[in-house]
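Given next are the chains, with one letter for each unit.
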Amino acid sequence: MKAASEALLDKERQAAKVAAGNDSEVAADAETKTDDDAEGEDVCDVLGNGQLVKRVLKKSKVNKRPQRGDKVTLNFTGKLDDGRVVENQENFQVHVGDFEVIQGLDMVVPLMNVGEVAEVKVDPRFAYGSLGLKNDADPELSIPPDSKLTYEVHLLDTKYEDYSDLKAYEIRKQYGTRKKERANFWYNRSEYNTAIQLYRRALEYLDNRDGDPDNEFDKEDIELSNNELQSLLDDRLIVYNNLAMAQIKISAFDAALQSVEHVLRCQPNNSKALYRKGRILEGKGDTKGAISLLQKAATLEPENRTVQQDLAKLIIKARREEHNEKKMYQKMLGQANKLEQKNKQPQKQQTVESSKLKLLGYLMGSILIGVAGVAMYRYKY
């Protein structure tokens, strides 16, 4: 009996151990799920297709995110899949949405809080694409075409800049120059629409009007010295010239004409502006007007081979157009002559038939007169 009791007690103890073990496993599973859930909350597939993924490495203690147009300060490091570091920036300042960093980072930064550190995996489409990024100064930092990049980004600060923050000449010069240089970067990559947006942003800063709608009439101008105004104007004209070229590339000829006219109003002998206006007129079908402008540009820059070559092409094109125009007129004239001859033939036929009818009329008249004369003679005698 005692042995049976001890055996039953041993079974109960073993069952308790199994139950305890199961409870531990359940608890471990619950803990694992909690960790997975927490990790899931820290991972964000921004586009839902795995091409742009953000994972929080260090959470922020504040709830403050940048908005489009805000100035942000970043530390970031970019690596290739093999771990090679190809980008490294500290205290890097950009305006959100202004394409001053790759598109992937521009899209992720507004999803971060100040103080947050995040890992961002970027597909080539939202990084440097099929062109990659060549670095002549240090080939080790070159980014091969179609490379995926992994960034570690630390959002240090974000600030909304109002009109009072942008009144200083140094700030306007700095921002305008930065936008212009970044626009040139996109232009050289044939990203013309992006370049156009940044050229326009540069023009907003390279101006002596602050754009504050609360200012009184005639008091919108920023107080700048003559030298500062001239410096901003010179940079502004360069941007307008570059903007015109980017607009030509997408065949936006009317917009390009407006841009280049801004330059020529201030600098009538600006050879680049004359050349680009010539390109615009060519695109609008005014070959003769284009030749006139390129001839002037060639006179101002006689050693510029591009202008000389394009001028020669335009002259050949003009001759070809003139030749084709003459052939068209000759063809039109020939068709007109044939039509006139066709019209004359029915008229001749009508004239012959009319003459025959008249002759027949005369004969019939003569016969009738003769018959009438004979009848009258018989009646009389």
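Residues numbered from 1 in each chain as written. Predicted model: local features only at pLDDT ≥ 70, side-chain atom pairs only at ≥ 80, totals over all residues. Heavy atoms only, no water.

Looking up the protein in an unreviewed UniProt entry gives the name peptidylprolyl isomerase, with the organism given as Musca domestica. The record held by UniProt for the protein lists under Catalytic activity (unreviewed entry) the comment "[protein]-peptidylproline (omega=180) = [protein]-peptidylproline (omega=0)". (UniProt positions renumbered as here; feature names shortened; annotations may be inferred.)

Draft legend 1. Expanded view of the overall build of the protein. Check the secondary structure of the protein and you find nine helices and six strands. Counting across all 381 residues of the protein, residues that qualify as buried make up 33%. When contacts within the protein are restricted to residue pairs at least 6 apart in sequence, long-range pairs at least 24 apart make up 63% of them. Counting only carbon and sulfur atoms, one obtains 51% of the accessible surface of the protein, whose full area is about 25000 Å². (Helix = DSSP H or I, 4+ residues; strand = E, 2+ residues; numbered from the N terminus. Buried < 20%, exposed > 50% of the residue type's maximum accessible area, 1.4 Å probe, protein only. Contact = heavy atoms within 4.5 Å. Areas by Shrake-Rupley, 256 points an atom, 1.4 Å probe, with all protein chains shown as cover.)

Draft legend 2. Up close: the nonpolar core. In terms of nonpolar packing, the biggest core is built from 43 residues, with Y187, Y199, V239, L243, I248 and I280 touching the most fellow members. Secondary-structure elements contributing two or more residues to this core are α3 (169–188), α4 (192–205), α5 (226–249), α6 (253–266), α7 (271–283), α8 (287–300) and α9 (305–380). It is α5 that contributes the most residues to this core, eight residues altogether. Apart from residues lying up to four places away in sequence, Y199 is in contact with K180, A183, N184, Y187, V239, N242, L243 and A246. L80, V86, V122 and Y151 belong to the second-largest nonpolar core, a separate cluster that totals 26 residues. (Core = buried A, V, L, I, M, F, W, Y, C linked by side-chain atoms within 4.5 Å.)

Draft legend 3. Looking closely at the confidence of the model for the protein. With 73% of its residues at a pLDDT of at least 70, the protein reaches an overall mean of 83. Predicted confidence for residues 1–9 stays below pLDDT 50, and this span has zero contacts to residues more than four positions away or in other chains. Confidence drops under pLDDT 50 across residues 15–39; counting only partners more than four residues distant or on other chains, this segment forms zero contacts. (pLDDT = per-residue confidence, 0-100.)

Draft legend 4. How the structure looks around the environment of L141. With respect to the secondary-structure elements, L141 resides in the loop between β5 (117–122) and β6 (149–159). Judged by its relative accessible area of 31%, L141 falls in the partly exposed class. Separated by 55 residues in the primary sequence, L141 and V86 place their C-alpha atoms 4.5 Å from one another. The residues touching L141, leaving out its near neighbours within four places in the chain, are R84, V85, V86 and N135.

Draft legend 5. Region of interest: the pairing of strand β4 (residues 85–95). Direction of pairing for strand β3 (residues 71–79) relative to β4: antiparallel, over a ladder of eight bridges. Residue pairing for β4: F76 is matched across the bridge by Q89. Here β3 folds back onto β4 in antiparallel fashion, the turn holding five residues, of which G83 has a positive phi close to 90 degrees. (Pairing = 2+ DSSP bridges.)

Draft legend 6. Here's a closer look at α8. Between its first and last C-alpha, α8 extends 20 Å over 14 residues, near the 20 Å set by a 1.5 Å rise per residue. Buried residues of α8: T287, G289, A290, I291, L293, L294, A297 and A298, and no others. (Expected span 1.5 Å × (residues − 1).)

Draft legend 7. Quick peek at the packing of α4 against α5. Relative orientation of the contacting elements α4 and α5 amounts to 160 degrees, with a least axis distance of 9 Å. One element, α4, and the other, α5, form an angle in the roughly antiparallel class. Crossing of α4 over α5 shows left-handed handedness. On α5, the residues touching Y192, I196, Y199, R200, A202 and L203 of α4 are R236, V239, Y240, N242, L243, A246, Q247 and K249. Of the residues assigned to the contact of α4 with α5, the class counts are nine nonpolar, two polar and three charged. (Axes fitted to C-alpha atoms, helices over the stretch in contact; angles between N-to-C directions. Parallel < 35°, antiparallel > 145°, perpendicular 65-115°, else oblique. Left-handed = near helix turned anticlockwise from the far one by under 90°. Nonpolar A, V, L, I, M, F, W, Y, C, P; charged D, E, K, R; others polar.)

Draft legend 8. The arrangement of a nonpolar patch on the surface in detail. Together, M328, Y329 and M332 line one region of the surface with nonpolar side chains, adding up to about 330 Å² of accessible area. Summarising the element assignment, M328 is placed in helix α9. (Patch = residues over 30% accessible without salt bridge, like charges linked within 9 Å, V, L, I, M, F, W, Y side chains within 5 Å. Salt bridge = Lys/Arg side-chain N within 4 Å of Asp/Glu carboxyl O.)

Draft legend 9. Representation of the pattern of salt bridges in the model. Overall, the coordinates contain 16 salt bridges when judged by the stated rule. Residue K179 is joined to D98 by a salt bridge in which the shortest nitrogen-to-oxygen separation is 2.7 Å. Residue K179 is located in helix α3, and its partner D98 is located in the loop between β4 and α2 (103–108); the two are separated by 81 residues in the primary sequence. Given the relative accessible area of 0%, K179 is considered buried. Salt bridges sharing common partners tie together D98, E100, R178, K179, R201 and E204.

Draft legend 10. Highlighting the sheet that holds strand β1 (residues 43–45). Here we have six strands laid out as an open sheet, ordered β1-β2-β5-β6-β3-β4, and antiparallel in their pairing. Lying at the two open borders of the sheet, with one neighbouring strand each, are β1 and β4. Each strand of the sheet is rotated relative to its neighbour by a mean of 20 degrees, with strand direction disregarded.

Draft legend 11. Up close: the packing of α3 against α5. Where α3 meets α5, the axes come as close as 11 Å, and the angle between the chain directions of the two elements is 20 degrees. In terms of orientation, α3 and α5 fall into the roughly parallel class. The element α3 and its partner α5 pack so that their crossing is left-handed. Note on element contacts: α5 touches α3 through E228, S231, L232, D235, I238, V239, N242, M245, A246 and K249, opposite Y169, K173, T177, K180, N184 and Y187. Partitioned by chemical class, the residues of the contact of α3 with α5 number seven nonpolar, four polar and five charged.

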